Amino acid sequence: MIRLALKGVRRSFGPVEVLHGVDLELHEGEVHALIGENGAGKSTTMKILSGYLNPTVGEVLVDGKPVTFGASSEAEDAGIIMIHQEFNLASQLTVEQNIFLGREKRKGMFLDHKTMREETLALLKRLHCKARPDAKVRDISVPDRQMVEIAKALSRNARVLIMDEPTAVLTDRETEVLFEQVERLKAEGVAILYTSHKLGEVRRLADRITVLRDGTQVHSATRGMTEDQMATAMVGRDVSDLYPPKLPCGDQVVLEADVTVPGHVKAAKLTLRKGEVLGLAGLVGAGRTELMEGIAGLRDRTGTVRVNGTEIRANDPKAAMAAGLAYLTEDRKECGLLLNFPLRENLTLLALEKFSKGLIDRKAEDAALTQAIKEFDIRVPHRKVRAGNLSGGNQQKLLLAKTMLANPKIVVIDEPTRGIDIGTKQQIYQFIQKLAAEGLSVVVISSELPEVIGLCDRVIVMHAGHVAGEVSGTDVNEQTIVRLAMGLEEAA
Ligand SMILES: Nc1ncnc2c1ncn2[C@@H]1O[C@H](COP(=O)(O)OP(=O)(O)OP(=O)(O)O)[C@@H](O)[C@H]1O
Ligand SMILES: [Mg+2]
C-alpha cells in the first residue's frame with residue numbers, strides 16, 4: 001500500500017528552482033531512505049511531504065488522492081509527522097511542554113498535568129533518554145533534544161513518519177535505540193522516510209533508496225546498494241579515499257591546559273602541538289564539549305590554560321580568541337549562526353575589525369564572501385539568502401568559513417562533519433590536514449570514531465568527566481578507544 005507519494009514535484013524559492021521533478025512513494029511498513037549531497041533538496045522534499053511547504057508544480061498524494069496541505073497541522077491530522085533536521089523545539093519551554101505543545105491534555109477546564117507527566121516519562125523511558133520532563137529544552141544536551149523531537153513524534157501516532165537526519169547528533173548507542181523504535185513502527189505498518197549521511201545506517205535500515213543530486217532524482221532502488229555505490233550516485237565521483245595522509249607534527253607545545261569545569265570535567269590535562277590534529281573522543285556526556293568550552297572561555301572553569309606559554313584568563317572568550325584560539329560550536333542553531341541574517345553578516349561576525357575602517361567596508365566583506373563560497377564550496381541558491389535558508393550541511397561550511405576568517409592559530413572543531421555529505425566530508429578532512437600542514441593546530445571533537453581514527457595521530461579519550469587515557473600511533477584504533485570511552489580500562 002502506498003501511503004504517501006510525490007508526483008512530478010518541482011519547487012522554487014523566488015526565481016531559483018531547487019527541485020526539478022521528484023517522484024517518490026512511501027509504502028506502509030517500509031523504510032525509504034532519501035540520500036544526496038548537502039543542498040540536493042532532501043529537506044525541501046520532506047517539508048513538501050509533511051505540509052511545511054507546497055510544491056510549485058506537481059502533486060502530493062495521500063492514499064492515492066491528491067491533497068493540498070494548507071499547513072503542517074493538516075498533514076499531521078492525516079497522520080504525517082516530520083522530525084526536523086534543525087530542531088523544531090521551543091527552547092524556553094520544558095521537555096514535557098514541547099512534547100504536548102498545541103495538543104495539551106485537559107481535564108475539564110484544567111491542564112491534565114498528571115497524565116502529561118506520565119506519558120512524557122513513558123516516552124522518554126522508551127527512548128532510554130535521561131532528560132527530565134521539567135527541564136527546559138535549552139538546558140539539555142543536543143542528543144537529548146533530538147530524543148525529545150523523536151518522543152514528540154512518537155506521541156502523535158504517525159501513519160507516516162518523516163525523519164530528517166535523526167541520527168546526525170546521536171551516538172551509536174542512541175542510534176540503536178532509535179532503530180529499535182523504527183523497526184517497531186515499521187512492524188505496526190507505519191511508512192517511514194528517512195535521510196542520513198551515514199551510509200552504513202542507510203544500508204542497514206532502508207528497504208528502498210532514492211538518490212537526489214542537485215534537485216533531480218538520479219537513482220531509485222530497493223535494497224542492495226553498497227555504500228560505495230550510494231556515495232558515487234550522490235556525488236557523481238568516486239569517494240573511496242576519504243582521509244588524506246596524516247602528517248607528523250613538531251614538538252612545540254602551543255596549548256597547555258589543566259582544567260576543571262564545575263559539574264562536568266574534573267582536572268583534565270591536555271597539550272596540543274604546533275601542526276597537530278588532536279582527537280578528543282568519548283561518549284556523549286563525557287565532558288568533551290564542556291572541557292573545550294572551558295578552555296575557550298565560554299564556560300566557568302578553574303585551573304590553568306596557556307597558549308604559547310601565556311596564561312589565558314578564565315571566562316574570557318575574547319582573550320582566548322585574541323590569543324588565537326577559535327572554537328567552532330556543535331550547536332549551530334543556538335550558538336553558531338544568526339539564522340535570520342544573510343551570509344555576509346554571518347561570515348564576518350568574528351572578524352569585523354578586519355572589515356571596518358570606521359565604517360564597515362561592504363566591498364571587502366563581499367569579496368570575503370565570494371572567496372569563502374569558493375574555498376568551502378558552499379552551495380547557495382543566491383548570495384542574499386538568509387543563513388537559515390541554507391541546507392544544513394552548507395550552514396556547517398559557512399560556520400567553518402566564519403571561524404577561519406578570524407585567523408586562528410588553534411582551531412577547536414566540535415563535530416566537524418555533523419550532517420555533512422560524504423563528498424564534502426572528504427573536502428573538510430583535506431582542509432583540516434591542510435591547516436595542520438600550514439602550522440595551525442586543530443582539536444577535533446567527534447563522536448564518529450572512524451573520523452577520529454582517520455584524522456588524528458593522537459587521541460585523548462574522556463569518560464565521565466575525566467581523561468580516561470591518551471592513545472597515539474598504532475593504539476589509535478577502535479577497540480582501544482572504545483574501551484577507554486566506556487570506562488572499561490584506564491590508560492597505563
Ligand atoms: N526557504 C528557502 N529559501 C531559499 N532557498 C532555500 C530555502 N530552503 C531551502 N533552500 C535552498 O534549497 C536547496 C536545497 O536545500 P535542502 O535543505 O532541501 O537540502 P538538503 O538536501 O536537505 O541538504 P543537507 O544535506 O545539507 O541538509 C539549497 O540550495 C537551499 O539553500
Ligand atoms: Mg537537509
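Residues numbered from 1 in each chain as written. Chains lettered and ligands numbered in written order. Predicted model: local features only at pLDDT ≥ 70, side-chain atom pairs only at ≥ 80, totals over all residues.

*Asks:* Whenever I open this one, the overall build of the chain confuses me. Can you help?
*Replies:* Scanning the chain for helices and strands turns up 18 helices and 24 strands. Compactness check: the chain gives a C-alpha radius of gyration of 23 Å against a globular reference of 23 Å for 492 residues, within 12% of the reference. The C-alpha extent of the chain, read off along each of the three principal axes, is 70 × 50 × 50 Å. Counted over contacts in the chain with a minimum sequence separation of 6, partners at least 24 positions apart contribute 68%. (Helix = DSSP H or I, 4+ residues; strand = E, 2+ residues; numbered from the N terminus. Rg over C-alpha atoms; globule rule 2.2 N^0.38 Å. Contact = placed C-beta atoms within 7 Å.)

*Asks:* So what exactly am I meant to see when it comes to the domain arrangement of the chain here?
*Replies:* As a measure of interface size, the accessible area lost when the parts come together is often cited. Domains assigned within the chain are domain 1 (2-235) and domain 2 (253-485). For domain 1 versus domain 2, the distance between C-alpha centres works out to 29 Å. Each partner contributes to the interface: domain 1 provides 23 residues, whereas domain 2 provides 22 residues. If you list the elements that add at least two residues to the side of domain 1 that touches domain 2, you get β2 (16-27), α5 (142-154) and α8 (227-235). A total of three residues in the side of domain 1 that touches domain 2 trace back to one element, the largest contributor, which is α8. (Domains from an automatic or database assignment.)

*Asks:* Is there a simple way to explain the sheet that holds strand β17 (residues 310-311) in this structure?
*Replies:* In any sheet, the strands associate via hydrogen bonds between backbone groups, in a parallel or an antiparallel arrangement. The sheet built from four strands is open, its strands ordered β14-β13-β16-β17 with antiparallel pairing. Two strands bound the open sheet, and with one partner strand each, they are β14 (265-273) and β17. Both strand β13 (residues 253-261) and strand β16 (residues 302-307) contribute to a ladder of six bridges, which runs antiparallel. Among the inter-strand pairings, Glu256 is bridged to a residue of β16, identified as Arg306. (Pairing = 2+ DSSP bridges.)

*Asks:* Could you clarify how one ought to interpret the site of ligand 1 in this entry?
*Replies:* As a structural note, the neighbourhood of ligand 1 is formed by 21 residues, with Asn38, Ser43, Thr44, Ser391 and Gly393 the closest of them. Within the residue set of the shell around ligand 1, elements represented by two or more residues are α1 (42-49) and α15 (392-405). Considered class by class, the residues forming the shell around ligand 1 number six nonpolar, twelve polar and three charged. (Near = placed C-beta within 6 Å. Nonpolar A, V, L, I, M, F, W, Y, C, P; charged D, E, K, R; others polar.)

*Asks:* Got a minute to help me understand helix α6 (residues 172-187) in this structure?
*Replies:* An α-helix turns once per 3.6 residues; consequently, residues spaced three or four apart project the same way. Along its 16 residues, α6 runs 22 Å from first to last C-alpha, staying within 8% of the 22 Å computed at 1.5 Å per residue. At the C-terminal side of α6, Gly189 shows a positive phi close to 95 degrees. (Expected span 1.5 Å × (residues − 1).)

*Asks:* Could you clarify how one ought to interpret the sheet that holds strand β23 (residues 458-463) in this entry?
*Replies:* The six strands lie next to each other as β18-β21-β22-β15-β23-β24, forming an open sheet whose pairing is mixed. Looking at the sheet topology across the chains shown, the edges are occupied by β18 (325-328) and β24 (466-472). Going across the sheet, the axis of each strand differs from the next one's by a mean of 20 degrees, ignoring polarity. Two elements, strand β15 (residues 277-282) and strand β22 (residues 441-445), share four bridges in a ladder whose sense is parallel. Pairing of Gly279 across the sheet is with Val444, part of β22. Sheet contacts for helix α18 (residues 478-485): β15, β23 and β24; angle to β23, the most-contacted strand, approximately 30 degrees. (Axes fitted to C-alpha atoms, helices over the stretch in contact; angles between N-to-C directions.)

*Asks:* Looking at this structure, I do not really get the nonpolar core. What am I missing?
*Replies:* In terms of nonpolar packing, the biggest core is built from 73 residues, with Val444 and Val461 touching the most fellow members. Ranked by the residues each element gives to this core, the list is headed by α15, at six residues. Excluding anything up to four places from it in sequence, Val444 contacts Val277, Gly279, Leu280, Ile413, Pro416, Val452, Leu455 and Cys456. Counting 67 residues, the second-largest nonpolar core is a separate cluster that includes Val22, Met46, Met163 and Leu178. (Core = buried A, V, L, I, M, F, W, Y, C linked by C-beta atoms within 7 Å. Buried ≥ 20, exposed ≤ 12 C-beta atoms within 10 Å, placed from the backbone.)

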